Amino acid sequence: MSHFSPTAAVSYFFNYFLMKGVLVTIGLTVAAVVGGLILGMGIALLRMSSNPVLAGAARFYIWFFRGTPLLIQLVVIYSGLPQLGIKFSVITCALIGLILNEAAYLAEIVRSGFMAVSAGQREAAWALSLSPWVTFRRVTLPQAFRLMIPPLGNSINSLLKATSLASVISVEELMRRSDMLMQEHFQILEVYAAATAYYLILTSVWDAVQRRLEKHFGRSSAAKTRRVRTSAPVAQASVEARA
Amino acid sequence: MSEISMTTTEGATVEPQLREVPAVRMEAVYKHYGDFTALDQIDLKVAKGEKIVVCGPSGSGKSTLIRCINHIEKHDEGLIYVNGVELDHQRKNIDAVRRDTGMVFQSFNLFPHMTVLENCTLAPMTANGMSEAEAKDLAMHFLTKVRIPDQAEKFPGQLSGGQQQRVAIARALCMRPKIMLFDEPTSALDPEMVKEVLETMKKLAEEGMTMLCVTHEMGFAREVADRIVFMNEGKVVEQAAPKEFFKHPKSERARTFLDQIIH
Ligand SMILES: Nc1ncnc2c1ncn2[C@@H]1O[C@H](COP(=O)(O)OP(=O)(O)OP(=O)(O)O)[C@@H](O)[C@H]1O
Ligand SMILES: [Mg+2]
């Protein structure tokens, strides 16, 4: 075979079997983002806590999951844990692995978002007698969230592609189903062209969503352009020095 | 009680403001940052309606002093009473004190993601349970007072520094504080905007607000302050009426300080 058949590629693109794989990929991504965000926020809170044991545990978690490949994590959960008598379904294994891994990244994103909100904002809220909940919900969170959107977007983009690793533990998502089609028909380029197109569509749709979010939450970003005078000359000077 | 003492014995009548609970009373207050003593045995009494200007060299503890009064900074030792409520680190007392005090910061600290109006209505609605309509009326009342009612729908970042600081004052006033604390409210402003903020503060002073202002605006101090509190190295070095303080500073440190800032 020394040619590429566009029609075959198109037919794989509309292959029902492959489309179902796309849905599994989307499902894995959404579940991992939601689960990862919830767990990640918890870990970020622990990481910021003044209790050294809790903060240390959160640091260890982040260090561990960011320091090892997702592939190993998935394989250990899928094939290693049964050795200890712990066994989950394939899809559960994939979700556990993806959520645990994503949470480590999101925890750092959440934490840096909150750290970037100036202490003055919280002090102003206290001085106004706002309750801790209102301070969090109306003052800190919206500002932190706005700062989190760009790194959050990147992380979700990576996650979308990282779900393909679940194919290794036989989750029938887009990648795995592409492999299956390929082994059946031996049209390697055609099948992967279809899969590549799906990944590009998914990441592009997410990019568009991310831009909308940035626009929506950045509606008052003009606030960032005018700075308090005391800090301006310094910032200005450093910009000029680099130029 | 005070009324009884006034009517029974003629000779024992005390000056009204002396009988009153002071707005702020600090007794032997200390604040440490590690080994560093930021407040070193502060004794200070501020009567209701009194206007105090706190000045002193950089790092002398002016901000720390004023921030201890609404417990944004925790003092380590000593007693602080605000309108008779002891700031003893108990939640309910801290809340009570914060309701009585408003604070204006050097860097404004407006909430950048909310409009000017939302900045002003947030606390009245969430902390005082006011309806949105009531809170808006209240906010417009104070925004009018600081002369920027037309900017209500803008975001803080769209305003000049002077306008932002006036919004910050209005926002604090919306909680109807009895004491206003200012920490260098004009230090971050371009010179041409300093005046509009000082005018607003003067107006507030004329209405009888109790005020503690950290500021190096000596013209303002001369005109508005009842008393100048001069700090150095965490201590209150001297306190005097502005006239007295500017003409005859008692300490050497105050003399050199005045020489530096007046030139
Ligand atoms: N959070 C902190 N940790 C450690 N040291 C602090 C902290 N806050 C203030 N200090 C120190 O306490 C001292 C008093 O600070 P403070 O901010 O009260 O001074 P200030 O009189 O307001 O000075 P300025 O005119 O520069 O605003 C300074 O030496 C400062 O470095
Ligand atoms: Mg200061």
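This one's a predicted model, so the numbers in the text were calculated from it and none came from an experiment.

Student: Looking at this structure, I do not really get the UniProt feature "transmembrane region" (unreviewed entry) in chain A. What am I missing?
Tutor: Residues and elements named next belong to chain A. Residues annotated in UniProt with the feature "transmembrane region" (unreviewed entry) correspond here to residues 22-46, 58-78, 84-107 and 191-209. Here residues 84-107 is 75% helix and 0% strand, with 29 Å between the C-alpha atoms at its ends. Here residues 191-209 runs as 100% helix and 0% strand, with 28 Å between its end C-alpha atoms.

Student: What is the right way to read the interface of chain B and chain A from this model?
Tutor: Counting from both sides, the interface comprises 35 residues of chain B and, opposite them, 24 residues of chain A. Across the chain B/chain A interface, buried area totals approximately 2,500 Å², and carbon plus sulfur atoms make up 62% of it. Looking at the side of chain B facing chain A, the largest losses of area belong to F111(B), P112(B) and H113(B), adding up to 22% of the total buried there. Summed over the shared surface of chain B and chain A, the number is one salt bridge. For E123(A), the salt bridge goes to R67(B), with nearest N and O atoms at 2.9 Å. Our enumeration of links across chain B and chain A arrives at five residue pairs in polar contact (both at pLDDT 80 or more). Among the elements of the structure, α4 (91-100), β6 (101-104), α5 (116-127) and α7 (161-173) of chain B are those that each provide at least two residues to the side of chain B that touches chain A. For the side of chain B that touches chain A, the element with the most residues is α5(B), which contributes four residues. Split by residue class, the side of chain B that touches chain A holds 18 nonpolar, 12 polar and five charged.

Student: How do you make sense of a nonpolar patch on the surface when you look at a structure like this?
Tutor: Among the surface-exposed residues, L23(A), I26(A), V30(A), V34(A) and I38(A) lie close enough to one another that they form a single nonpolar patch of about 470 Å² accessible area. Within the secondary structure, I38(A) is located in helix α2 (residues 16-48).

Student: Mind showing me how you'd approach the packing of helix α6 (residues 119-127) of chain A against helix α7 (residues 132-162) of chain A here?
Tutor: Each pair of packed helices gets described by two things: the angle between the helix axes and the distance between those axes. All names here are of chain A. Between α6 and α7, the shortest axis-to-axis distance is 11 Å and the interhelical angle comes to 165 degrees. Taken together, the axis directions place α6 and α7 in an arrangement best described as roughly antiparallel. Considering the relative orientation of α6 and α7, their crossing is right-handed. Judged by residue contacts, Q121, R122 and A125 of α6 engage T135, V139, T140 and Q143 from α7. By residue class, the composition of the contact of α6 with α7 is two nonpolar, four polar and one charged.

Student: Quick question: what am I supposed to make of the UniProt feature "domain: ABC transmembrane type-1" (unreviewed entry) in chain A here?
Tutor: This chain's UniProt record puts "domain: ABC transmembrane type-1" (unreviewed entry) on residues 22-210 of chain A. With 83% helix and 0% strand, residues 22-210 of chain A has end C-alpha atoms that lie 20 Å from one another.

Student: Would you take a moment to explain helix α6 (residues 132-145) of chain B for this structure?
Tutor: Every α-helix winds through 3.6 residues per turn, so residues three or four apart in the chain are directed the same way. All names here are of chain B. Its 14 residues give α6 an end-to-end C-alpha distance of 20 Å, which sits within 8% of 20 Å, the value for a rise of 1.5 Å per residue. Among all positions of α6, only A135, L138, A139, F142 and L143 are buried. Take α6 and look down its axis: the buried residues cluster within an arc of 135 degrees, on one side only. In α6, the exposed positions that point more than 90 degrees away from the buried face belong to A133 and D137. Phi turns positive one or two residues past the end of α6, at R147, with a value near 65 degrees.

Student: Would you mind showing me how to read the sheet that holds strand β1 (residues 24-33) of chain B here?
Tutor: As a general point, the strands of a sheet are linked pairwise by backbone hydrogen bonds and lie either parallel or antiparallel. All names here are of chain B. Overall, antiparallel pairing links the four strands, which are arranged β2-β1-β4-β5 in an open sheet. Pairing within the sheet leaves two strands with one partner each, and these edge strands are β2 (36-46) and β5 (85-86). The pairing of β1 with strand β4 (residues 77-82) spans five bridges and is antiparallel. Its bridge partner being in β4, E27 is matched across the sheet by L79.

Student: Just to check I follow, could you spell out the sheet that holds strand β7 (residues 179-183) of chain B for this structure?
Tutor: Residue and element names in this part refer to chain B. Ordered in space as β6-β7-β8-β3-β9-β10, the six strands form an open sheet in which the pairing is mixed. Only two strands of the sheet have a single neighbouring strand rather than two, namely β6 and β10 (235-240). On average, each strand axis in the sheet is inclined to that of its neighbour by 20 degrees, with strand direction left out of account. Taken together, the four bridges between strand β3 (residues 51-55) and strand β9 (residues 227-232) define a ladder with parallel strand orientation. Along β9, the bridge assignment pairs V53 with I228. Along the sheet face, α7 touches β6 and β7 and points at about 170 degrees away from the line of β6.

Student: Can you walk me through the pairing of β7(B) in this structure?
Tutor: Within a regular beta strand, the side chains point alternately toward one face of the sheet and then the other, so they alternate between its two faces. Residues and elements named next belong to chain B. Burial of β7 is extensive: five of the five residues sit out of reach of the surface. By the bridge criterion, four bridges tie β6 to β7 in an arrangement that is parallel. Bridged to G102 within β7 is M180. In this structure, β7 lies alongside strand β8 (residues 210-214), joined through five bridges in parallel fashion. Looking at β8, one finds that L181 is bridged to L212. What joins β7 to β8 is helix α8 (residues 191-206), and the crossover it makes is right-handed.

Conventions used here
Residues numbered from 1 in each chain as written. Chains lettered and ligands numbered in written order. Predicted model: local features only at pLDDT ≥ 70, side-chain atom pairs only at ≥ 80, totals over all residues. Heavy atoms only, no water. UniProt positions renumbered as here; feature names shortened; annotations may be inferred. Helix = DSSP H or I, 4+ residues; strand = E, 2+ residues; numbered from the N terminus. Contact = heavy atoms within 4.5 Å. Buried area = accessible area lost by both parts, 1.4 Å probe. Salt bridge = Lys/Arg side-chain N within 4 Å of Asp/Glu carboxyl O. Polar contact = N/O pair within 3.5 Å; in protein donor to acceptor, adjacent residues only side chain to side chain. Nonpolar A, V, L, I, M, F, W, Y, C, P; charged D, E, K, R; others polar. Patch = residues over 30% accessible without salt bridge, like charges linked within 9 Å, V, L, I, M, F, W, Y side chains within 5 Å. Areas by Shrake-Rupley, 256 points an atom, 1.4 Å probe, with all protein chains shown as cover. Axes fitted to C-alpha atoms, helices over the stretch in contact; angles between N-to-C directions. Parallel < 35°, antiparallel > 145°, perpendicular 65-115°, else oblique. Left-handed = near helix turned anticlockwise from the far one by under 90°. Expected span 1.5 Å × (residues − 1). Buried < 20%, exposed > 50% of the residue type's maximum accessible area, 1.4 Å probe, protein only. Arc of directions from axis to C-beta. Pairing = 2+ DSSP bridges. Right-handed = clockwise from strand over helix to strand, strands pointing away.

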